[in-house]
Amino acid sequence: ANQKRVISYIQKNVKETYSLIGMDDPSTLRMMEKENLNAFKELIKITNVSLLQNVIKTYCEIGMCNYSTILMMYMEQKKANAETLEW
C-alpha cells in the first residue's frame with residue numbers, strides 16, 4: 001500500500017512540475033518518474049536524518065520538493081559537511 005502511495009505521489013508531482021514548463025510528453029514524464037523513484041529508494045536508506053530533514057525543509061520551502069532534487073542536495077550537503085578549508 002505504501003509503495004502505491006509513493007508511486008502515485010511521484011506521478012502526480014512529476015506531471016504537475018513538467019506540465020508547467022511544457023515538457024509533459026510521455027517520454028519525459030516516465031524518465032523523471034523513474035529518476036524520482038530511484039531517488040526515493042536511496043533517500044529511505046539515509047542514516048543522517050537530521051541533515052536530510054534540513055535539506056527537505058530548505059528545498060520544499062522554495063518549491064523544489066521532489067525526491068531527485070532532495071537526494072542531490074543531500075549528497076552535496078553531506079560532501080560539504082565532510083570538507084574543511086585547506087591552504
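Details of the structure are given in the entry above.
Position numbers for residues count from 1 along each chain, tracking the sequence in the order it is written. In keeping with the model being predicted, local features are shown solely for residues with a pLDDT of at least 70 and side-chain atom pairs are shown and tallied solely at 80 or more, while totals for entire chains, interfaces and linings include all residues. Heavy atoms from the whole structure form the basis of all side-chain values; hydrogens and water molecules are not counted.

K.L.:
Looking at this structure, how should I read the packing of helix 2 (residues 26-43) against helix 4 (residues 67-82)?
P.N.:
Helix-helix packing is characterised by the crossing angle of the two axes and by the distance between the axes. Running from N to C, helix 2 and helix 4 point in directions that differ by 45 degrees, and their axes come no closer than 7 Å. Relative to helix 4, the element helix 2 is oriented oblique. Relative to helix 4, helix 2 is oriented so that their crossing is left-handed. Between helix 2 and helix 4, the contacting residues are Glu35, Asn36, Ala39, Phe40, Glu42 and Leu43 on the first element and Tyr67, Ser68, Ile70 and Leu71 on the second. For helices, the fitted line uses only the C-alpha atoms of the stretch in contact; every axis is such a line through C-alpha atoms, and the angle between N-to-C directions lies from 0 to 180 degrees. Strands are runs of DSSP state E lasting at least two residues, helices are runs of H or I lasting at least four, and both sets are numbered from the N terminus onward. To sort the angles, those under 35 degrees are grouped as roughly parallel, those over 145 as roughly antiparallel, those from 65 to 115 as roughly perpendicular, and the leftovers as oblique. Handedness of a crossing is defined here by the sense of rotation of the near helix relative to the far one, left-handed for an anticlockwise turn of less than a right angle and right-handed for a clockwise turn. What makes two residues a contact is simply this: any of their non-hydrogen atoms within 4.5 Å.

K.L.:
Help me understand the side chain of Thr69, please; the structure alone is not making it clear to me.
P.N.:
When you line up the elements, Thr69 lands in helix 4. Those residues in contact with Thr69, other than ones at most four positions away along the chain, are Tyr59 and Met64.

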